[in-house]
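A structural walkthrough
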Amino acid sequence: MSEKRRGGGGLVVVGLALAVTAGWFARNFLPGLGADLGLVDRPAVVADTEPGYLILVRSEQCVVGNGEPTPCDVACKAEAITPTTQVDVDATEGAHATVEALRACLTARGITKVNIRSR
């Protein structure tokens, strides 16, 4: 009787493991590899946006840049914020109600480019 050995299953598993490892390595250590192929998401460039304006919400106060804490309604009404300004709000240390009041104030002023970062 002739016996047929079926082998190669282990070789397929090793090949797949090598392919996955190579893909992981390329993605994490060679970030520009897929840039020309359209595989990497690039941030959109918005021409009608002024430079960003950062507001840090701490508890129930707002800090603009390196300034002192002030009420958030005062920070919202700053003349430097215009409808074309990108406003970044760091709300990781702020009270939820304070952040929502700041968002409502900015929206009432016509500022729509607001990015709120929270936990």
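Now for a description of the structure that goes with this document. (Residues numbered from 1 in each chain as written. Predicted model: local features only at pLDDT ≥ 70, side-chain atom pairs only at ≥ 80, totals over all residues. Heavy atoms only, no water.)

On to the nonpolar core, then. Ranked by internal contacts, the top residues of the largest apolar core, which has 17 residues, are Ile55, Cys62, Ile81, Val87, Leu102 and Leu106. Only strand 1 (50-59), helix 2 (72-76), strand 3 (85-94) and helix 3 (96-108) provide two or more residues apiece to this core. Among the elements that make up this core, the one with the highest residue count is helix 3 (4 residues). (Core = buried A, V, L, I, M, F, W, Y, C linked by side-chain atoms within 4.5 Å. Buried < 20%, exposed > 50% of the residue type's maximum accessible area, 1.4 Å probe, protein only. Helix = DSSP H or I, 4+ residues; strand = E, 2+ residues; numbered from the N terminus.)

Under the criterion given, the structure shown has 3 salt bridges. The salt bridge partner of glutamate 93 is arginine 58, with a shortest N-O separation of 3.4 Å. In this pair, glutamate 93 is assigned in strand 3 and arginine 58 in strand 1, connecting sequence segments 35 residues apart. Here arginine 117 and aspartate 90 are joined by a salt bridge, their closest N and O atoms 2.5 Å apart. (Salt bridge = Lys/Arg side-chain N within 4 Å of Asp/Glu carboxyl O.)

Attention shifts here to the state of the cysteines. Per the stated rule, a full pass over the model turns up 2 disulfides. Across a sulfur-sulfur distance of 1.9 Å, cysteine 62 and cysteine 72 are joined as a disulfide pair. Residues cysteine 62 and cysteine 72 are joined by a disulfide whose S-S torsion is about 95°; by sign, that bridge is right-handed. Here cysteine 72 lies in helix 2 and cysteine 62 lies in strand 2 (residues 61-64), a separation of 10 residues in the sequence. (Disulfide = S-S within 2.5 Å.)

This part takes up helix 3. Over its 13 residues, helix 3 runs 18 Å from end to end, which matches the ideal 18 Å to within 8%, given 1.5 Å per residue. Restricting attention to buried positions, one finds in helix 3 the residues Thr98, Val99, Leu102, Cys105 and Leu106. The buried residues of helix 3 occupy an angular sector of 125° when the element is viewed end-on, so they sit on one face. For helix 3, exposure combined with an orientation more than 90 degrees from the buried face picks out His96, Ala97, Thr107 and Ala108. Phi turns positive, to about 90°, at glycine 110, one or two residues after helix 3. (Expected span 1.5 Å × (residues − 1). Arc of directions from axis to C-beta.)

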